[in-house]
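# Tertiary structure, described
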Amino acid sequence: MGNAFNLGKLFGIQFRLHYTWFIIFVLVTVSLVYPDWSSPLYWAMGIVTSLLFFTSILAHELAHSLVGRANNIPIKSITLFVFGGVAQMTREARSAGAELKMAVAGPACSLVISSLFYLVFLFTKDAVAPVADMAFWLFIINAALAAFNLIPGFPLDGGRVFRSILWQVTGNYKRSTRIATRVGQGVGYSFILGGILIVFLHPFGLDWFSGLWLVFIGWFLENAASASYRQAQWRGALQGFTASQVMTSDYPVVPLSITVSQLVQGYIFTSGRGCFLVADEDGVRGILTLPNIKSVSQPNWGVTQVREIMTPVDKLKIAHPDQDALSILEQMDESSINQMPVVSGGRVIGLITRDNLIRLLRTRAELGI
Ligand SMILES: [Zn+2]
């Protein structure tokens, strides 16, 4: 996901901010300063409110992540968008119950925050008008955030709730995902259609700007639903395959003691491959990939042996022959690696690379199976 920059880590989760956020920050601040441009008080309140709005969304996403993690769904990073965040999970929930809890946590958190701001509003409305205004705005916006996210279109929270219920009832994860993502696409198209109607017909006194907003949100939702649908199909295609079925046994093996130049000239130039197993007579000792080679400066290629720069076997993630292919892809995502040796009885019997898996998926998609 491009167009975002790193904010830092919170509870071990990488948070990223999408650039569209700056537009929102400015819009929110300006709309709050609108009554009185010359007042420093309004500017200060506008900026503080925008920051609190941002914190509210962060809390919503954090609620999802922490409940997810407690239910064994690790979250790698979260990107904050205009109307919420997108979590990058390295694996989907294993049970309908876990999915339901994680999906509900975000909107529940927003509702709690909304109520707290309502209390602040009640306590300050007769005494400190600017604070009361700010609290009221945050009460409304957090309630709206909860409501919007509960729309039952996947991948919104409501769509996940919907899927978990379907999943619980039918016991069929794939079909539930298919239905929930189709509903998500339907919600997206309805938003676009509604937006177009508003632009041309102005019902309820709504202006063309609100219509465009609705079209934009609908377009975003439709895209997200389609992407989730494709991803679910991919994952489905890997299910039922084991490591020994998707591994390649035709992998290049190089001796421990050759130098990097010998490797580059004797193996890489001729085969074009970028991943080698390093072995001696007792078996495989490590794995060597292009990043390992790039860690050595070119003048030293002649004096550096591959054993010095390879990733040794005991540091490698390894797969078992009967491990399922989907869990291997998840493990690769979690540790950001592109290949895993398959080990049986202490011996390497094959190699699985991300390219292998993707090629398998493409072939299956092309054959329509
Ligand atoms: Zn959410």
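Residues take numbers from 1 onward in each chain, read along the sequence in its written order. pLDDT decides what is reported in this predicted model: residues at 70 or higher carry local features, side-chain atom pairs at 80 or more are listed and counted, and totals for whole chains, interfaces and linings draw on all residues regardless. With hydrogens and water set aside, each side-chain value is computed from the structure's full complement of heavy atoms.

## Re a nonpolar patch on the surface
Patch definition: residues with relative accessible area over 30% and no salt bridge; like charges joined within 9 Å; nonpolar side chains (Val, Leu, Ile, Met, Phe, Trp, Tyr) joined within 5 Å. Using a 1.4 Å probe, accessible areas were evaluated by the Shrake-Rupley method; residue-level cover was limited to the displayed protein chains. Salt-bridge detection follows one rule: a side-chain nitrogen of Lys or Arg within 4 Å of a carboxyl oxygen of Asp or Glu. A contiguous nonpolar surface patch, about 770 Å² in accessible area, is contributed by Val-112, Leu-116, Tyr-118, Leu-119, Leu-122, Phe-123, Phe-136 and Ile-140. Sorting the residues of the nonpolar patch by element identifies helix 3 (96-124) and helix 4 (129-149) as the ones contributing at least two each. Throughout this description, buried means an accessible area under 20% of the type-specific maximum (1.4 Å probe, protein chains only), exposed means over 50%, and partly exposed covers the range between. By relative accessible area, Leu-122 is classed as partly exposed at 37%. Only DSSP runs of H or I covering at least 4 residues are called helices, and only runs of E covering at least 2 are called strands; the numbering of each starts at the N terminus.

## Brief notes about the coordination of the zinc ion
Around a metal, the ideal angle is 109.5 degrees if four donors adopt a tetrahedral arrangement and 90 or 180 degrees if six donors adopt an octahedral arrangement. Each metal site is built from N, O and S donor atoms within 2.8 Å (3.2 Å for Na, K and Ca), and since water is not included, such sites may look incomplete. Within the protein, the zinc ion binds to His-60 (NE2), His-64 (NE2), Asp-157 (OD) and Asp-157 (OD); these donor distances fall in the range 2.0 to 2.7 Å. Geometry at the zinc ion is irregular, judged from the 4 donor atoms that bind it and their angles of 53 to 153° at the metal. In primary-sequence terms, the residues that donate to the zinc ion follow H-x3-H-x92-D. Of the two residues, His-60 and His-64 are both situated in helix 2 (residues 40-70); the distance of 4 residues between them amounts to about one turn of the helix. Using a relative accessible area of 7% as the deciding quantity, one classes His-64 as buried. Here the metal geometry follows the donor angles, with tetrahedral for four donors whose angles all fall between 85 and 135 degrees, square planar for four and octahedral for six when opposite donors are more than 155 degrees apart and every other angle is between 65 and 115, and irregular for all the rest.

## A few points about the pattern of salt bridges
Under the criterion given, the structure shown has 3 salt bridges. Note that Glu-99 is salt-bridged to Arg-163, the shortest N-O span being 2.7 Å. Here the residue Glu-99 occupies a position in helix 3, and Arg-163 occupies one in helix 5 (residues 157-170), the gap between them amounting to 64 residues. For the pair Glu-99 and Arg-163, a shared accessibility class is recorded, and that class is buried. Here Arg-285 ties to Asp-280 by a salt bridge, and the two come within 3.2 Å at their closest N and O atoms.

## Overview of the sheet that holds strand 8 (residues 311-312)
Following DSSP output, two strands are said to pair if at least two bridges run between them. Read across the sheet, 4 strands follow the order 5-6-7-8 without closing on themselves; strand pairing throughout is mixed. Whereas interior strands pair on both sides, the edge strands pair on one side only; in this sheet they are strand 5 (253-255) and strand 8. Taken together, the 2 bridges between strand 7 (residues 283-289) and strand 8 define a ladder with antiparallel strand orientation. Paired with Gly-286 across the strands is Pro-312, a residue of strand 8.

## Notes on the pairing of strand 6 (residues 275-280)
Among the 6 residues in strand 6, 5 count as buried, and that is most of the element. Relative to strand 6, strand 5 runs parallel, the two sharing 3 bridges. Its bridge partner being in strand 6, Val-254 is matched across the sheet by Val-278. For the segment spanning strand 5, helix 9 (residues 260-271) and strand 6, crossover handedness is right-handed. Relative to strand 7, strand 6 is paired through 6 bridges, and the arrangement is antiparallel. Bridge pairing in strand 7 links Ala-279 to Val-284. Between the antiparallel neighbours strand 6 and strand 7 lie 2 residues. With the strands aimed away from the viewer, a crossover counts as right-handed if its path from the first strand over the helix to the second runs clockwise.

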